[in-house]
Amino acid sequence: MTAPELSFADVVQPAWNVSPRVRALVTTRDGGVSEAPFGRWRNGADLPGGLNLGMKSGDDPAAVAANRERLLKLAGVSEAAWLEQIHGAGIVRAEDVLAQAHANGTPTRADASVTDRPGTVCVVMVADCMPVLFCDEAGRAVGAAHAGWRGLAAGIVEQTAARVAELAGVEAGALHAYLGPSIGPDAFEVGADVRDAFMNGVDAAQREATANAFVEHPRNPGKYLADLPALARLRLQRLGVERIVGGDLCTVTQRECFYSYRRDRETGRMAALIWLDAQAQSIAD
């Protein structure tokens, strides 16, 4: 039996008040053709129909390619700027990513992309790390960042926001940000090294709030439970970004909805996309 087509009921969309020119979504594990262990999760079983988008996940490449085609069809675009993500803080123009892929077929190594070109899709893949999407209210520029703890500590959120603001011709504080599904504060066990990475160099005004984002693990001495969304919000607020939505979906505990590497190890990948609709005008227009 042919799997049902991917629909907007299968994805998550930011609840933000921005120009209709800004299009954004985050996939779940539903709406594709992948089979276990990359399938849908229902009633304790991994069933066919998963929307795994990770080419290096171990899934059948033909299934992943079919899933990507379904996603592009839903978005109404012909291609997206897929990255080779390396858990760093490198940021590129999405149109340059596409140009390199067209020229030699190789992916660009980076963890965020930005664009002000309508129809060009910024995309990052996740399976516990946080996707952070950016736009200005008028729909002049957008960006997507892959923010695991390493990238977040290295400043990828601040740097991506700065690049989007520059393209949009606004101050960073005028941006909107969406924190997509990620490992939640009850599931993200880390060591003191991760806490230190965020505490070192933090300004006095945010030191207490940063420390509060790490709770001593109740059963594992020397370990902490880290609140990744809270850490991202603090960094955005330091830039003056106040219009922040999301950050309330946990990839680990919401098994029916999301893939999670921390939970399953062998698993699929979701994708977060943001682009400017070439057929819509910005508020500024």
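Residue indices follow the written sequence of each chain, beginning from 1 at its first position. In keeping with the model being predicted, local features are shown solely for residues with a pLDDT of at least 70 and side-chain atom pairs are shown and tallied solely at 80 or more, while totals for entire chains, interfaces and linings include all residues. Only hydrogens and water are set aside when side-chain values are computed; all heavy atoms of the structure are taken into account.

**Describing the overall build of the protein**
Move 1: Helix and strand definitions here come from DSSP, where helices need a minimum of 4 consecutive H or I residues and strands a minimum of 2 consecutive E residues; each element is numbered from the N-terminal end. On a plain count of helices and strands, the protein comes out with eight helices and 18 strands.
Move 2: Only C-alpha atoms enter the radius of gyration, while the globule expectation follows 2.2 Å times N to the 0.38, with N the number of residues. Since a compact globule built from 285 residues should have a radius of gyration of about 19 Å, the 18 Å found for the protein is in line with a globular shape.
Move 3: When its C-alpha atoms are laid out on the principal axes, the protein stretches across 55 × 50 × 35 Å.
Move 4: Taken over 285 residues, the protein has a buried fraction of 53%. Between buried and exposed lies partly exposed: a residue is buried under 20% and exposed over 50% of the maximum accessible area for its type, with that area taken using a 1.4 Å probe on protein chains only.

**Description of the sheet that holds strand β12 (residues 142–147)**
Move 1: A pair of strands is labelled paired if DSSP reports no fewer than 2 bridges between them. With mixed pairing, the six strands of this open sheet are ordered in space as β7-β9-β12-β11-β13-β17. In this open sheet, the two strands that pair with only one neighbour each are β7 (91–93) and β17 (243–246). Direction aside, neighbouring strands of the sheet carry axes that sit 20 degrees apart on average.
Move 2: The contact criterion used throughout is that any non-hydrogen atoms of two residues lie within 4.5 Å. Note on geometry: axes are C-alpha line fits, over the in-contact stretch for helices, and angles between N-to-C directions span 0 to 180 degrees. The sheet strands contacting helix α2 (residues 94–104) are β7 and β9 (112–115), and the helix crosses β7 at an angle near 75 degrees.

**Side note on the pattern of salt bridges**
Move 1: Note on definitions: salt bridges are taken to be side-chain nitrogens of Lys or Arg within 4 Å of carboxyl oxygens of Asp or Glu. This structure, assessed with the given rule, holds 15 salt bridges.
Move 2: Here Asp30 makes a salt bridge to Arg42, at a shortest N to O gap of 2.6 Å. Within this pair, whereas Asp30 is found in strand β3 (residues 30–34), its partner Arg42 is found in strand β4 (residues 40–42), the two being separated by twelve residues in sequence.
Move 3: A relative accessible area of 13% places Asp30 in the buried class.
Move 4: In this structure, the salt-bridge partner of Glu84 is Lys56, at a minimum N-O distance of 3.8 Å. In this pair, Glu84 is assigned in strand β6 (residues 83–84) and Lys56 in the loop between β5 (45–47) and α1 (61–75), connecting sequence segments 28 residues apart.
Move 5: Glu84 gets classed as partly exposed once you look at its relative accessible area, which sits at 23%.
Move 6: Here Lys56 falls in the exposed class, since its relative accessible area comes to 75%.

**What about the side chain of Arg29?**
Move 1: Note that Arg29 resides in the loop between β2 (22–27) and β3.
Move 2: From its side chain, Arg29 meets the backbone oxygen of Arg255 in a polar contact 3.2 Å long. Any N or O atom pair separated by 3.5 Å or less is treated as a polar contact, with the protein-specific requirement of one donor-capable and one acceptor-capable atom, and with residues adjacent in sequence counted only for side-chain atom pairs.

**Topic: the environment of Pro185**
Move 1: Its place among the elements puts Pro185 in the loop between β13 (175–179) and β14 (189–190).
Move 2: Owing to a relative accessible area of 34%, Pro185 belongs among the partly exposed residues under this scheme.
Move 3: Through-space distance from the C-alpha of Pro185 to that of Asp248 is 9.8 Å; in sequence the pair is 63 residues apart.

**Focus: the packing of helix α4 (residues 156–168) against helix α7 (residues 228–239)**
Move 1: With their axes 9 Å apart at the nearest point, α4 and α7 run at an angle of 40 degrees to one another. Judged on the interaxial angle alone, α7 and α4 are oblique. Read as a crossing pair, α4 and α7 show a hand that is right-handed. Note on element contacts: α7 touches α4 through Arg235, Leu236, Arg238 and Leu239, opposite Val157, Glu158 and Ala161.
Move 2: In this count, Pro and Cys sit with the nonpolar residues alongside Ala, Val, Leu, Ile, Met, Phe, Trp and Tyr, while Asp, Glu, Lys and Arg are called charged and the others, Gly among them, polar. Here the contact of α4 with α7 is built from residues that sort into four nonpolar, no polar and three charged. Under this scheme an angle from 65 to 115 degrees is roughly perpendicular, one under 35 degrees roughly parallel, and one over 145 degrees roughly antiparallel; angles in between are oblique. Crossing handedness is read from the near helix: turned anticlockwise from the far helix by less than a right angle, it gives a left-handed crossing, and turned clockwise, a right-handed one.

**Considerations on the pairing of β12**
Move 1: Of all six residues in β12, six are buried; the element is thus mostly enclosed.
Move 2: Side chains of β12 alternate between two faces, with Val142, Ala144 and His146 and Gly143, Ala145 and Ala147 buried alike.
Move 3: Note that β9 and β12 share four bridges and pair antiparallel. By the bridge assignment for β12, Ser113 is matched with Ala144.
Move 4: Note that strand β11 (residues 130–136) and β12 share six bridges and pair antiparallel. Bridge pairing links Val132 to Ala145 in β12.

**Section: the layout of surface pockets**
Move 1: Grid points spaced at 1 Å over the protein atoms alone were grouped into cavities, where a 1.4 Å probe fits but cannot get out, and pockets, open sets with protein on both sides within 12 Å along at least five of seven lines, with lining residues defined by an atom within 4 Å of a point. Grid points are joined across faces, edges and corners, and a volume is the space filled by probe spheres set on the points. The volume enclosed by the largest pocket comes to roughly 1200 Å³.
Move 2: Around the largest pocket sit 43 residues that line it, and Gln85, Met125, Val126, His146 and Arg269 are the ones nearest its centre.
Move 3: Sorting the residues of the lining of the largest pocket by element identifies α1, β6, α2, β10 (122–126), α3 (149–153), β14 and α8 (261–264) as the ones contributing at least two each.
Move 4: Residue contributions to the lining of the largest pocket peak at four residues, all from α1.
Move 5: Here the residues of the lining of the largest pocket are counted per class, giving 22 nonpolar, ten polar and eleven charged.

**A few points about helix α6 (residues 204–212)**
Note on helix geometry: an α-helix contains 3.6 residues per turn, so any two residues three or four positions apart are oriented the same way.
Move 1: Those residues of α6 that sit buried are Gln206, Thr210 and Ala211. All buried residues of α6 fall inside an arc of 140 degrees around its axis, so they share one side. Those residues of α6 that are exposed and aimed more than 90 degrees away from the buried face are Ala205, Glu208 and Asn212.
Move 2: Buried residues in α6 make contact with α5 (192–199), β15 (214–216) and α7. Our arc is simply the arc of the directions from the helix axis toward the C-beta atoms.

Purely geometric numbers; function is a separate question.
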